[in-house]
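Okay, here's what each chain looks like letter by letter:
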Amino acid sequence: MEKKIALLLTGGTLLMKAAEDGILEPAAYTHNLLQELPVLRRIAQVEMSVVCNLDSADMQPTDWLRIGRAIHQALSSPGIDGVVVVHGTDTMAYTSSAVSLLLGPVPRPVVFTGAQRPIGEPRTDARANLIDAFSVATLPVPEVGVVFASRFFRGTRVTKRDAHAMDAFDSPDFPPLVELGLTEHIARERLLPGGPLASFDDRLDPRVLVVRVFPGLQPSWLLQTLDQGVRGLVLEAYGTGNLPALGPSMLDVIAEASRRGIPCLIVTQCLKGSVALERYKGAVAATRAGAISGGDMTVEAAVAKMMIALGRFPHSDARRRYLEDDIIGERSPLAHG
Ligand code: ASP
């Protein structure tokens, strides 16, 4: 029987058309993807809708909720075998992380995709990415993920690693779920089991600050920032989660955050690898001051998870457990620091 796919448009370069001055912006966009790429109809029947039309740099957590609700509605509609979401590449990994965590287990594939060059340009990656996204959306892969340059990555593990190459995304700590080569190779052993959709829980608190630790960072700036209404901190620490421990240090910030009930999640600023907070003195002291290990989570997943943790769990113990647990494949269970 012919498959049916819900195609949701949210914006991004794939849909943009350059204005006369060459600037890409969403104002003029390709409304009818099916006219542009009729071959999509040979893969599945398509139900298309426009959720929004934004350069993804303008996306906010409220847009994650809008997109999450639209996906939830599509997956709840009878006869839909999969969902494809066209999205800008700049913040795609944030949205795919947030949507994965917001939805929880999904019964069928939810496939984000986009392009480095607009679909109307001769040398575009949009056609291949869309065709691959449609193909994955028809497979037995109950995951939220991103298709780019012939690979399907888990949505909570992916990151934009290249501003220039067509092969813009990677998933450094978790191999792809599907490789679209001569055949479609599904890594079945890595797939989440999937499951029926829960009702959509939109509780989320966006008052999260991400700080990359660097030599010269003044802890006093952060202490002042804690007065500005920050509710959750994500620290991008060095290597395995190490932090400066001499003199006035980040430890004061973590201790003060803990005193105020502000959770502080530590991830690594390295592209690959996991936090192991027991390894160095600075990280051990950070744990004693109340820091929580983010394991091998990407920054994108850590930000989304922190916002959802703050929205869903008013009590610090439950919030901590949610942050430390592997909820939907976003962190390796063995990588706890
Ligand atoms: N600025 C664009 C966006 O994220 C980039 C892209 O789609 O490649 O919407």
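Just above, that's the structure.
Criteria and cut-off values
- Residues numbered from 1 in each chain as written.
- Predicted model: local features only at pLDDT ≥ 70, side-chain atom pairs only at ≥ 80, totals over all residues.
- Heavy atoms only, no water.
- Helix = DSSP H or I, 4+ residues; strand = E, 2+ residues; numbered from the N terminus.
- Buried < 20%, exposed > 50% of the residue type's maximum accessible area, 1.4 Å probe, protein only.
- Phe/Tyr/Trp six-rings, centres within 6.5 Å; stacked < 30°, edge-to-face > 60°.
- Lys NZ or Arg CZ within 6 Å of the ring centre and 35° of its normal.
- Core = buried A, V, L, I, M, F, W, Y, C linked by side-chain atoms within 4.5 Å.
- Contact = heavy atoms within 4.5 Å.
- Salt bridge = Lys/Arg side-chain N within 4 Å of Asp/Glu carboxyl O.
- Pairing = 2+ DSSP bridges.
- Expected span 1.5 Å × (residues − 1).
- Lys, Arg positive; Asp, Glu negative; His and termini not counted.
- Polar contact = N/O pair within 3.5 Å; in protein donor to acceptor, adjacent residues only side chain to side chain.

A. Local environment of unusual backbone geometry. Located in the positive-phi region is Ala-149, a residue other than glycine, with phi close to 45°. Its identity is not glycine, yet Ser-150 carries a phi of approximately 70°, on the positive side. With respect to the helices and strands, Ser-150 occurs in the loop between strand 7 (144-148) and strand 8 (151-154). Classification of Ser-150 by relative accessible area gives partly exposed; the value is 32%.

B. The arrangement of the packing of aromatic side chains in detail. Under the counting rule described, the total for this entry stands at two aromatic pairs. Their ring planes at 55° and their centres at 4.9 Å tell us that Phe-148 and Phe-169 sit as a pair that is tilted. Of the two residues, Phe-148 sits in strand 7 while Phe-169 sits in strand 10 (residues 169-170), which places them 21 residues apart along the sequence. As far as the burial class goes, Phe-148 and Phe-169 line up, both buried. Above the ring of Tyr-322, the side-chain terminus of Lys-305 is found at 5.7 Å from the ring centroid.

C. Highlighting the nonpolar core. Core analysis: the largest hydrophobic core is formed by 53 residues, its most contacted members being Ile-67, Ile-71, Val-83, Val-85, Val-110 and Phe-112. Per-element tally for this core: the top contributor is helix 9 (residues 299-312), with 10 residues. Setting aside residues no more than four positions away along its own chain, Ile-67 makes contact with Thr-10, Val-51, Met-59, Val-85, His-87, Thr-95, Val-99 and Phe-112. By size, the runner-up hydrophobic cluster in this structure holds 32 residues, among which are Leu-14, Ala-126, Val-136 and Leu-177.

D. Seen up close, the pattern of salt bridges. Evaluation of the coordinates by the stated rule reveals 21 salt bridges. With a closest N to O distance of 2.8 Å, Arg-154 and Glu-143 form a salt bridge. Of this pair, Arg-154 sits in strand 8 while Glu-143 sits in the loop between helix 5 (126-137) and strand 7, and the two are 11 residues apart along the sequence. Summarising the burial analysis for this pair, Arg-154 and Glu-143 share the class buried. Between Arg-260 and Asp-227 there is a salt bridge, and its shortest N-O distance comes to 2.9 Å. Of this pair, Arg-260 sits in the loop between helix 7 (250-259) and strand 15 (264-268) while Asp-227 sits in the loop between helix 6 (219-225) and strand 14 (232-237), and the two are 33 residues apart along the sequence.

E. Structural view of the sheet that holds strand 14. Read across the sheet, four strands follow the order 13-14-15-16 without closing on themselves; strand pairing throughout is parallel. Single-partner strands in this sheet number two, and they are strand 13 (208-212) and strand 16 (292-293). Where strand 15 lies against strand 16, two bridges are found, and the strand directions are parallel. Within the sheet, the bridge partner assigned to Ile-266 lies in strand 16 and is Ser-293.

F. Structural view of the environment of Ile-71. Along the polypeptide, Ile-71 turns up in helix 3 (residues 61-76). Residues Ile-71 and Val-99 lie 28 residues apart in sequence; the distance between their C-alpha atoms is 8.7 Å. The contact partners of Ile-71, leaving out residues within four places of it in the chain, are Leu-8, Val-83, Val-85, Val-99, Leu-103, Val-110 and Phe-112.

G. A look at helix 9. Its 14 residues place the ends of helix 9 20 Å apart at the C-alpha level, agreeing with the 20 Å of an ideal helix rising 1.5 Å per residue. Counting buried positions over the 14 residues of helix 9 gives 13, a clear majority of the element.

H. Looking closely at the side chain of Arg-331. Within the secondary structure, Arg-331 is located in the segment after helix 10 (316-324). No salt bridge is formed by the buried Arg-331. Its closest oppositely charged neighbour is Asp-296, at 5.4 Å. One polar contact links the side chain of Arg-331 to the main-chain carbonyl oxygen of Ser-293, over a distance of 3.0 Å.

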